[in-house]
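What follows is the residue order along each chain.
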Amino acid sequence: MSQKTPTPALPRELGIFDLVLFYMAGGLSLRWIATAAAAGPSTISIWIFACLFFFVPLAACVLELSSRYPQEGGLYVWTQRAFGDFSGFIAAWSYWMSNLPYFPAVLYFGAGSALFVLGRRGEHLANNATYFMLFALVWLGVITLMNIVGLKQGKWLNNLCSLGVWIPIAALLGLAAAVAARFGSATSFAPSQLIPHTDLKNAIFWSTIFFAFGGCETGSFMGEEIKNARRTIPRALILAGTLLATFYIAGTIAMLVALPSFSINGVSGFISAIQLMCERLNASWLIAPIALFVVLNSIGGAAAFLSSTSRLPFVAGIDRYLPPVFGRVHTRWRTPWVAIGAYGCAGMLCALMGQAGTTVRSAYDVLVSMSIINYFIPFAFLFASMIRLQREPVLEGTIRIPGGRPVAVFLASMGFLTTLMTIVLSVIPPDEEPNKPLAIVKVIGSTLFLIGAGVVVYYVSERKQRRALLH
């Protein structure tokens, strides 16, 4: 066991309003709406399936676990309590490592959307790798510095970036309604069109849709920086989760009403679709302001995940499974500044490595693929922890899943099985991959390497702690 020390006192800066906006800024990425619409109307059924069999179990488990154990670290603490220090560390390790390629990926989406703000002046940058990389590096630097200075400052960036959800979604729904009223629906929504295809290509796409529903677990990582976390997290999660699922499904339907699926694609698929709608309605003046808010959406996604996920290495530093310096709190700003700074720098390094020697489009695809499989491993730990922790007594005032233990075990089991299915689908290479066996080896090999690195770090740290105790 680690030499555990109490978590240093951190200021409680987030209220329920801040947390709802945090969940919206980080949880709803507009790029997934375009990705889903590009796959056709059958995606609507996949959204509903993913919502019922992954998102609802995930949100329910996070709701109860964050109320039972509202300490800083969330997933790390729950897995550690259920299965011990090693499992807790590996779950956290997989989670924070999986998010490193997410930062440049979501910011590449923002960089592509920013070109629509510039109009024709930005067309020459569409395939400029240097521009995309610099956009990601600069914003990762800004986000990191703001969170080091304080969550009080960082939360205002999240709150501002939440406008990147509300305004583009409202614009999408309004434009789609106007296009449909003038030209009719561009897509047939007959029952036969809504049946998901069972071929391998579409089965692989399911993992992407499930990936879009992740994020509701992040608020709990900052449990000791949230006002009355035991009650605030569940309440914010219910409200934000309902909006999240509604916006994803409604946004996909709206995009397909206005445009045929084959016209929606690319790194900037969402704003490209907005551009097509505006041009059909002779309202091209709307493109630039909407694009600006889409940029905010991508920045908000990166900011939310960096600020929350950096708390995992912070708690691991306190437990001394990472160097103790990760557990330091700045004397003036009262933030885990080393953990935040190191995590932000690691994200920048991932952006540089992901772009090296490849095109913008290829870099974007690689970054997304790198995120998915490692991102779902911690969810398997989360659902398993939910089942195991049902045997522990419940404190008075804890918000529980309606129906108690039987319903909690059922939902967690369903989420666990769905997560395993998603991990398997994430291994399968796309049709356009020329060397499928090699691609599978790369995915599995990189995953094993990542987890193996975490195992090495854990046991080296544990050995050092044992030696320290003996001396």
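Structure: see above.
The following refers to the structure shown. This structure is a prediction, so every number in the text was calculated from the model and none was measured.

Remarks on the overall build of the chain
For the chain, the count of helices and strands is 18 helices and 0 strands. Split into buried and exposed, the 471 residues of the chain put 59% on the buried side. Excluding contacts between residues fewer than 6 apart, the proportion of contacts in the chain whose partners are at least 24 apart in sequence is 85%. For the chain, the exposed area adds up to about 18,800 Å²; of that, 68% sits on carbon and sulfur atoms.

Description of the packing of helix α8 (residues 151-161) against helix α9 (residues 163-183)
Closest axis-to-axis distance for the α8/α9 pair is 5 Å, and the angle between their directions is 0°. In terms of orientation, α8 lies roughly parallel with respect to α9. On α9, the residues that touch Asn-159, Leu-160 and Cys-161 of α8 are Leu-163, Gly-164 and Val-165.

Examining the state of the cysteines
The tally for this structure, following the rule as stated, stands at 0 disulfides. Cys-61 supplies the cysteine sulfur nearest to Cys-216, a cysteine that is in no disulfide, at a spacing of 9.3 Å.

Quick look at unusual backbone geometry
Residues other than glycine seldom take positive phi values, yet Asn-282 does so here, at roughly 55°. With respect to the element layout, Asn-282 can be found in the loop between α12 (269-280) and α13 (287-309).

Observations concerning the environment of Ala-36
Turning to its location among the elements, Ala-36 is positioned in helix α2 (residues 30-38). Note on Ala-36: relative accessible area 0%, which makes it buried. Spatially, the C-alpha atom of Ala-36 lies 9.0 Å from that of Ser-261, the residues being 225 residues apart in sequence.

What counts and how
- Residues numbered from 1 in each chain as written.
- Predicted model: local features only at pLDDT ≥ 70, side-chain atom pairs only at ≥ 80, totals over all residues.
- Heavy atoms only, no water.
- Helix = DSSP H or I, 4+ residues; strand = E, 2+ residues; numbered from the N terminus.
- Buried < 20%, exposed > 50% of the residue type's maximum accessible area, 1.4 Å probe, protein only.
- Contact = heavy atoms within 4.5 Å.
- Areas by Shrake-Rupley, 256 points an atom, 1.4 Å probe, with all protein chains shown as cover.
- Axes fitted to C-alpha atoms, helices over the stretch in contact; angles between N-to-C directions.
- Parallel < 35°, antiparallel > 145°, perpendicular 65-115°, else oblique.
- Disulfide = S-S within 2.5 Å.

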